[in-house]
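# Residue-level structural notes
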Amino acid sequence: MTITPPVLEMAGITKRFSGVVALDQVNLTVGQGEVVALIGENGAGKSTLMKILGGVHAPDAGTIRVGGTPVIIRSVGDAMARGIGFVHQELNVLDNLDIAGNVFLGREPVHGGPLRLIDRKRLHAETDALLERLGIGVSSRTSLAALSLAQRQMVEIARALSQNARLVLMDEPTSSLTLSETERLLQVVTELRAQGVSIIYISHRLGEVEQIADRVEVLRDGKNAGTLTGEGIRHDALVTLMVGRDIAAADKAQAAATKTPRFQVRGLQTARYPERTVSFSIGAGEILGFAGLVGAGRTEVAQALFGVERARGGSVLLDNKAISITSPQDAIASGIYLIPEDRRRFGLITDMVLRENVTLPALRRVAPAGLIQRGAEQETARNACGSLNVKAPSVEATASTLSGGNQQKVVLAKWLSLGPKVLLFDEPTRGIDVGAKAEIYEQMRTLARAGAAILMISSDMEEILHVSDRVAVMHEGGITGVLDRADFSEEAIMRLAVGRTEKAKAVAAA
Amino acid sequence: MRKELGIFLLLAALCAVVAVVNPRFLGAANLQNMARLIGMYGIFSIGLGIVIITGGIDLSVGSIFALLGVVLAMLLTDQGWPGPLGAITVVAGSMGLGLLHGLLITRIGLQPFIVTLCGLLFYRGLARFVAEDETKGFGSARGFETLQSAATESVLGVPMPFVLLLVIAAIMWVVLHRSVYGRYLFAVGKNEEAARYSGVRTRRIITGAYVISGALAGIAGVLIAFYTNSIAPSTHGNFNELYGIAAAVLGGCSLRGGEGSILGILIGTALLQVLQNLVNLLGIPSSLNFAVMGAVILVGVIADELFKRRPSKGLSNAIS
């Protein structure tokens, strides 16, 4: 169509790792001002392809052209020199510097002279100009420590732009953002596109992909699985291409949940919002979604209920009996388990093997007289991992070697054999691919059917709408409304999440 | 297991070299003397290793030796306490100090380095004050010969401290590598928060490690006091905590926590004593003693780091 060559053209890229083909003749083209979404399950080859673009791996075959010129990329620096910037999933910013210091790290403008003193005036002026372009209302002198996750991400984008990036690669940029922050990021992507910057957008969130992508490239098992453009970018089509089969829409939540409340929380006060109280109840077999913006206090509620943070006040009833929870041991003894948000920090000991992780909460069950019986321990771990379909060479595999989805299943496996009565899921599928997500939803439903009361905190709107039987929405430490399935809609939840309660039903305080 | 093998090979090579250069190395008297020292140092090194496995450190051990030493000597000679009662008292005291360290670290949230550094200074000063800066000893006092023999005698030619070390090591091996408590120690050392989220009482586990270290330091302290038989409060036990830390680290304990083994600590302890012995037997000026130890430990950990790096290559595979 146009005479200008594509910004990026990767053709016939092949990469093997000790005999295993990770990428097989993969093609990827990005035109100027085009937003290309790159999607695929974990292990499909997205990361490898991007590592090749960043010079981390060298391709075994294939060519890369930037602006029509064949190039060899040996390092991230090479890539940047050719106008390719990266915004990583794990943020690479330094807390102890201000925004300007981060944006120009390693490339600070200097005054002439032997001391190479930093030209602070220019540094801040140039950074402020970039921040304005991105529409962030903060000064370049703001310390990174004072910024939210979303703002830090903007700093990364500013860093890419400061190097005149014509193509910005975003790897799961919204995985830790709230709904409104996500909206803001998508807006920035749109603005960048209008400015002629091209974007490669990697995400598991298909809703976002639908919303912003001009074109979607799907990878499956290291190959191009298909391309969708314009109107063809639809949720079901994306899923079909990604998994190569139709995923039976996880059975819709059922109203079969009994009305008997299994788990009741009354007047819970957390240290974060001591002036607010939270009350709700979950029936046996029910999944209560917990929606809200990040910082609304949802995680604090879960942490108080699990005893890792002490509650300021309130009472908790399990099967109509009051229980006291002042430590995780109390919660665990009552059958209340938490699947925390940051699984690599709180959910798992990633340096330990699966066996050790799975048996940790109830080690004494396999250790009569305080001595661990290796055989019994292995069997317990094998059964737990097996029933959750954890994909690992054996229970002696180190947890860090597993994919995010499988790690999450291991976290779940820790609690499964203990007969959960209440499960508190905090962002259960963050950074997890579609296939594993479906399995985790299925597992949640199975647990619910077995009578567990399930609380699911999620910032993923699709997940909230799809999985919950009811949704409670939090805003600044309080519950602004509870929606029944019939009243579910993105708009209704958003309205409550930003604190507008007038249209919501009266809060069904238990 | 590989980690222990590497350090064991280093130990074996060192022994071989010293034995070839100076055959006296293999003489009964020399071996016995070395075994006695390995016994005493090994006991408290195990305690230090356990603290290090939790991600902590204990710098106060040497000063505790001085404090225990003068108190024990004064109890037995000046006060005329029966030997066992005196020994039990000081071991209990040492456990009490460990408990104090553990509580300061877990309840107030102080850093182990700071807490035990303060201990290092405080107990040394206290020892000198209590002893009025005079060297204390057991002299010709009677009534605790059996206790003394635990440090100075041998059974079937094997020095008692070494026998004690083997017994303690066996017990601690079971505790560390087979028991629930041991698993919790590693879990807490690797990721304290995740352990807490799994219902492990992390503060108790960590405090327990300092109590164990206190107990083992107490036992070793009693042996060392009887062995030297003269306790100069300003120098007794100086640098001993560093021997223990070095032995644990050489033996595979990571200062980041979560790694280590009893076997490794034993080999590390033996290696340090062989090095000391080497300086004597090879006629190296004894002023170079620390320099030799420092150099060998450095070479050891560099080699270990290089070994570790090699196989990890090629693991950066395609899993996204």
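Structure's up top.
This report concerns the structure included in the present document. (Residues numbered from 1 in each chain as written. Chains lettered and ligands numbered in written order. Predicted model: local features only at pLDDT ≥ 70, side-chain atom pairs only at ≥ 80, totals over all residues. Heavy atoms only, no water.)

### Looking at the sheet that holds strand β10 (residues 223-229) of chain A
Residues and elements named next belong to chain A. The criterion, for reference: A pair of strands counts as paired when DSSP detects no fewer than two bridges linking them. Note on conventions: DSSP H or I runs of at least 4 residues are helices, E runs of at least 2 residues are strands, and numbering of each starts at the N terminus. A fitted line through C-alpha atoms represents every axis, and for helices the fit uses only the stretch in contact; the resulting angles, taken between N-to-C directions, go from 0 to 180 degrees. Note on definitions: a residue-residue contact is assigned when non-hydrogen atoms from the two residues lie within 4.5 Å.
If you walk across this open sheet you meet the six strands as β6-β7-β8-β3-β9-β10, and the pairing is mixed. Two strands in the sheet have a free side with no partner beyond their single neighbour: β6 (84-87) and β10. Shown here is a sheet whose adjacent strand axes are inclined to one another by a mean of 20°, direction ignored. Running at roughly 30° to strand β9 (residues 215-220), helix α8 (residues 235-243) makes contact with β3 (35-39), β9 and β10 of the sheet.

### Topic: the packing of aromatic side chains
Each aromatic ring pair is characterised by the separation of its centres together with the angle its planes make. Residue and element names in this part refer to chain B. Using the following cut-off: Classification of ring pairs rests on two measures: the distance between centres of Phe, Tyr or Trp rings, Trp counted by its six-membered ring, which must be within 6.5 Å, and the angle between planes, read as stacked under 30 degrees, edge-to-face over 60 and tilted in between. To sort residues, take the accessible area from a 1.4 Å probe on protein chains only and compare it with the maximum for the residue type: under 20% means buried, over 50% means exposed, and anything in between is partly exposed.
In total, this model carries twelve aromatic pairs over all chains according to the counting rule given. Look at Y41 and F44: their rings are 5.5 Å apart centre to centre, the planes differ by 50°, and that puts the pair in the tilted class. With Y41 and F44 both in helix α2 (residues 28-53), this residue pair falls three residues apart, about one helical turn. For the residue pair Y41 and F44, the accessibility class agrees, reading buried in each case. Three or more aromatic residues joined by ring pairs form one cluster here, namely Y41, F44, F65, F239, Y243 and F290.

### Thoughts on the interface of chain B and chain A
What counts is decided by this rule: A carboxyl oxygen of Asp or Glu within 4 Å of a side-chain nitrogen of Lys or Arg is what we treat as a salt bridge. Definition of a polar contact: a pair of N or O atoms within 3.5 Å, with one able to donate and the other able to accept a hydrogen when the atoms are protein atoms, and with sequence-neighbouring residues admitted only if both atoms are side-chain atoms. Lys, Arg, Asp and Glu make up the charged group, whereas Ala, Val, Leu, Ile, Met, Phe, Trp, Tyr, Cys and Pro make up the nonpolar group; the residues left over, Gly among them, are polar.
In this complex, chain B contributes 23 residues to the contact, which on the side of chain A involves 38 residues. One can count two salt bridges joining chain B with chain A. The residue R183 of chain B makes a salt bridge to E356 of chain A at a minimum N-O spacing of 3.7 Å. Counting the contacts that link chain B with chain A gives eleven residue pairs in polar contact (both at pLDDT 80 or more). Elements that contribute at least two residues to the side of chain B that touches chain A include exactly α7 (160-178), α8 (180-190) and α9 (192-197) of chain B. Looking at which element gives the most residues to the side of chain B that touches chain A, the answer is α8 of chain B, with six residues. For the side of chain B that touches chain A, the residue count by class is ten nonpolar, seven polar and six charged.

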